[in-house]
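Overview (structure and organization)
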Amino acid sequence: MTNPIRNSRWPALVAAGVTVVLWASAFVSIRSAGEAYSPGALALGRLLAGSLALGCVLLVRREGLPPRAAWPGIAVSGLLWFGVYMVVLNWGEQEADAGTAAMVVNIGPVLIALLGARLLGEALPPRLLAGMAVSFAGAVTVGLSMSGEGTASTLGVLLCLLAAVGYAGGVVAQKPALVHASALQVTTFGCLVGTVACLPFAGQLVDQAARAPLPATLNMLYLGVFPTALAFTTWAYALARTTAGRMGATTYAVPALVVLMSWLALDEVPAPLTLAGGALCLAGVSVSRSRPRKGSAAGGEDVIRQARVPSRQAPPTRPPSRPGRREP
């Protein structure tokens, strides 16, 4: 007999997998587009493409505006994650070497777990904490092995730290909004909020788009349609069905996938230390999403617990009363 609870986890797990694969693929596109576009212009172009794609899907599905209760979370996540995070991350990676950026930015999932416990009342099971520690070590190892002789300025470290804080704050703000609105609505209007926040870079985008080579512009459009529109929607779908902490831990698979995609797409053969770091990332994700042998939280997904209702027992029968005896 199939387990309905287990079957219900698969769509969310597939959605999370689509997200991390597309976010990892963004690494190659950002490297190409970043040579022709400044951080703010690249973020705005990416968000414009993503908003257009999401808006078309929203119109086709006729989902309309989100409920009023969802707007605070949408506005905060749109400003922090779609806006601040994308700009300062692009900027910070220009000011810091890969090792420092990996170490600082990957504080984000840790902050998500802590903020989720504090603000959302989520649990911090030992497996989640242990898996995140292993994955964080792996992400830092990957970054250090690929950084070469790079250096990091104080500005670069601060920008990467701001990116991690914006990422964590955006995820935690998005979680309550998904109670009131669909994943598509939350993603679409969050992306629109981020687009509006990045409009000051419109002049740079127009100027640089006129001079940018076609591959760089196509990569920017790819970033908007797939790692933004599609991946953020599948992220929101999965986030609505699990805790913010476990979803944050899942993104530690991205560095390992980046190593593999760089090997295949850019012909960059990874060093043994890089492969070891990628293996640590995947091992940590596996641990963080694992379930205890005797537990109800399966694979990091929120499982609806059925309350144990005590069986109704018939009241004890009394012996037949004797004639002439009054019962107490």
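Since we're looking at a predicted model, the values are computed, not measured.

1. Some words on the overall build of the protein chain
Within the protein chain, the regular secondary structure consists of 13 helices and zero strands. Beginning at the N terminus, the succession of helices and strands in the protein chain can be written as α-α-α-α-α-α-α-α-α-α-α-α-α. Out of the 328 residues in the protein chain, the part that is buried amounts to 47%. Considering only residue pairs separated by 6 or more positions, the protein chain has 90% of its internal contacts joining residues 24 or more positions apart. When the accessible surface of the protein chain is split by element, carbon and sulfur atoms take 66% of a total near 17,000 Å².

2. With respect to the nonpolar core
Membership of the largest hydrophobic core comes to 61 residues, with the highest contact counts inside it found for Tyr 37, Trp 81, Val 171 and Trp 235. When residues of this core are assigned to their parent elements, the largest contribution, 10 residues, is made by helix H10 (residues 214-239). Ignoring sequence-local partners within four residues, the contact set of Val 171 consists of Trp 81, Ile 112, Trp 235, Leu 239 and Ala 244. Listed in part, the 10 residues of the second largest apolar core include Ala 113, Tyr 252, Cys 281 and Val 285.

3. Thoughts on the environment of Gln 174
For Gln 174, the position within the fold is in helix H7 (residues 154-180). Along the chain, Gln 174 and Ala 244 lie 70 residues apart, while their C-alpha atoms are 9.2 Å from each other. Setting aside chain neighbours within four positions, we find Gln 174 in contact with Gly 73, Ser 77, Trp 81, Val 186, Trp 235, Ala 236 and Leu 239.

4. Points about the pattern of salt bridges
Under the criterion given, the structure shown has two salt bridges. The residue Glu 63 makes a salt bridge to Arg 61 at a minimum N-O spacing of 2.9 Å. By relative accessible area, which is 22% here, Glu 63 ends up partly exposed.

5. Points about the packing of aromatic side chains
How two aromatic rings sit relative to each other is set out by the distance from centre to centre and by the angle between their planes. As enumerated under the stated definition, the model contains 11 aromatic pairs in all. One Lys or Arg, Arg 241, reaches over the ring of Tyr 237 and ends 3.7 Å from the middle of that ring.

6. Re unusual backbone geometry
With a phi close to 55 degrees, Arg 62 is a non-glycine residue in the positive phi region. Positionally, Arg 62 belongs in the loop between helix H2 (39-61) and helix H3 (71-95).

7. Digging into a nonpolar patch on the surface
Among the surface-exposed residues, Trp 10, Val 14, Val 18, Val 225, Phe 226 and Leu 230 lie close enough to one another that they form a single nonpolar patch of about 510 Å² accessible area. Of all the elements in the fold, those that place two or more residues in the nonpolar patch are helix H1 (4-33) and H10. With respect to the secondary-structure elements, Trp 10 resides in helix H1.

8. Points about H10
Between its first and last C-alpha, H10 extends 35 Å over 26 residues, near the 38 Å set by a 1.5 Å rise per residue. For H10, the principal kink sits at Leu 223 and spans about 30 degrees; a proline, Pro 227, occurs within the next four residues.

9. Section: the packing of helix H5 (residues 108-119) against H7
Two numbers describe how H5 lies on H7: the axes approach to 8 Å, and their chain directions differ by 40 degrees. The angle between H5 and H7 falls in the class oblique. In this structure, the crossing between H5 and H7 has a hand that is right-handed. Residues Gly 108, Pro 109, Leu 111, Ile 112, Leu 115, Gly 116 and Leu 119 of H5 lie in contact with H7, whose contacting residues are Ala 164, Val 165, Tyr 167, Ala 168, Gly 169, Val 171 and Val 172. Partitioned by chemical class, the residues of the contact of H5 with H7 number 11 nonpolar, three polar and no charged.

10. Focus: the confidence of the model for the protein chain
Detail in the predicted coordinates should be disregarded across regions flagged by low pLDDT. Considering every residue of the protein chain, the mean pLDDT works out to 83; 82% of them sit at 70 or more. Helix H8 (residues 183-197) holds the highest mean pLDDT among the elements of the protein chain, 98, whereas helix H4 (residues 98-105) holds the lowest, 69. Confidence over residues 295-315 falls short of pLDDT 50; this stretch has 28 contacts with residues more than four positions distant or in other chains. Confidence over residues 321-328 falls short of pLDDT 50; this stretch has one contact with residues more than four positions distant or in other chains.

11. Some points on the environment of Leu 144
Within the secondary structure layout, Leu 144 lies in helix H6 (residues 126-147). According to the relative accessible area criterion, Leu 144 is exposed, its value standing at 51%.

12. Observations regarding helix H12 (residues 253-265)
For H12, built from 13 residues, the straight-helix expectation of 18 Å at 1.5 Å per residue is met to within 8% by its first-to-last C-alpha distance of 18 Å. Regarding H12, the residues found buried are Ala 253, Val 254, Pro 255, Ala 256, Val 258, Val 259 and Ser 262.

13. Some thoughts on the environment of Ala 212
By the secondary structure assignment, Ala 212 is in the loop between helix H9 (202-211) and H10. Along the chain, Ala 212 and Ala 36 lie 176 residues apart, while their C-alpha atoms are 5.5 Å from each other. Residue contacts for Ala 212: discarding those within four places in its chain leaves Ala 36, Tyr 37 and Thr 217.

14. What about the packing of H2 against H10?
Interhelical geometry of H2 versus H10 gives an angle of 55 degrees and a closest axis separation of 7 Å. One finds that H2 runs oblique with respect to H10. The handedness of the crossing between H2 and H10 comes out as right-handed. For the pair formed by H2 and H10, the contact residues are Ala 41, Leu 42, Gly 45, Arg 46, Ala 49, Gly 50, Ala 53 and Leu 54 on the first element and Met 220, Leu 221, Leu 223, Gly 224, Pro 227, Thr 228, Ala 229, Phe 232 and Thr 233 on the second.

Calculation rules
Per-chain numbering applies: the sequence of each chain, read as written, is numbered from 1 onward. Under the rules for a predicted model, residues below a pLDDT of 70 receive no local features and side-chain atom pairs below 80 are neither given nor counted, while totals for whole chains, interfaces and linings still include all residues. Hydrogens and waters are ignored; side-chain quantities use all the structure's heavy atoms. Secondary structure elements are defined from DSSP: runs of H or I of at least 4 residues count as helices, runs of E of at least 2 residues count as strands, and each element is numbered from the N terminus. Remark: exposure states derive from per-residue accessible area (1.4 Å probe, protein chains only) relative to the maximum for the residue type, with buried under 20%, exposed over 50%, and partly exposed in between. Residues are treated as being in contact if the distance between any of their heavy atoms lies within 4.5 Å. Where accessible areas are quoted, they stem from the Shrake-Rupley method and a 1.4 Å probe; at the residue level, only the protein chains shown are allowed to cover. What is meant by a nonpolar core is a set of buried Ala, Val, Leu, Ile, Met, Phe, Trp, Tyr and Cys residues, joined one to another through side-chain atoms within 4.5 Å. Salt bridges, as used here, are contacts in which a Lys or Arg side-chain nitrogen is within 4 Å of a carboxyl oxygen on Asp or Glu. Planes of paired rings set the category: under 30 degrees apart is stacked, over 60 is edge-to-face and the rest tilted, where pairs are Phe, Tyr or Trp rings (Trp by its six-membered ring) whose centres lie within 6.5 Å. A ring is scored as having a charge over it whenever the NZ atom of a lysine or the CZ atom of an arginine sits within 6 Å of its centre and within 35 degrees of its normal. Within the patch definition used here, like charges are joined within 9 Å and nonpolar side chains (Val, Leu, Ile, Met, Phe, Trp, Tyr) within 5 Å, considering only residues with over 30% relative accessible area and no salt bridge. One fewer than the residue count of a helix, multiplied by 1.5 Å, yields its expected span. Note that the bend at a residue is defined as the angle between axes fitted to the seven residues ending at it and the seven residues starting at it. Fitting a line to C-alpha atoms yields each axis, with helices limited to the stretch in contact; the angle taken between N-to-C directions then spans 0 to 180 degrees. Angle categories are assigned with fixed cut-offs, so that under 35 degrees is roughly parallel, over 145 is roughly antiparallel, 65 to 115 is roughly perpendicular, and the rest are oblique. Left-handed describes a crossing whose near helix is turned anticlockwise from the far helix through less than a right angle; right-handed describes the clockwise counterpart. Each residue is assigned to one of three groups, with Ala, Val, Leu, Ile, Met, Phe, Trp, Tyr, Cys and Pro labelled nonpolar, Asp, Glu, Lys and Arg labelled charged, and all others, Gly among them, labelled polar. Per residue, pLDDT measures the predictor's confidence, with a range of 0 to 100.

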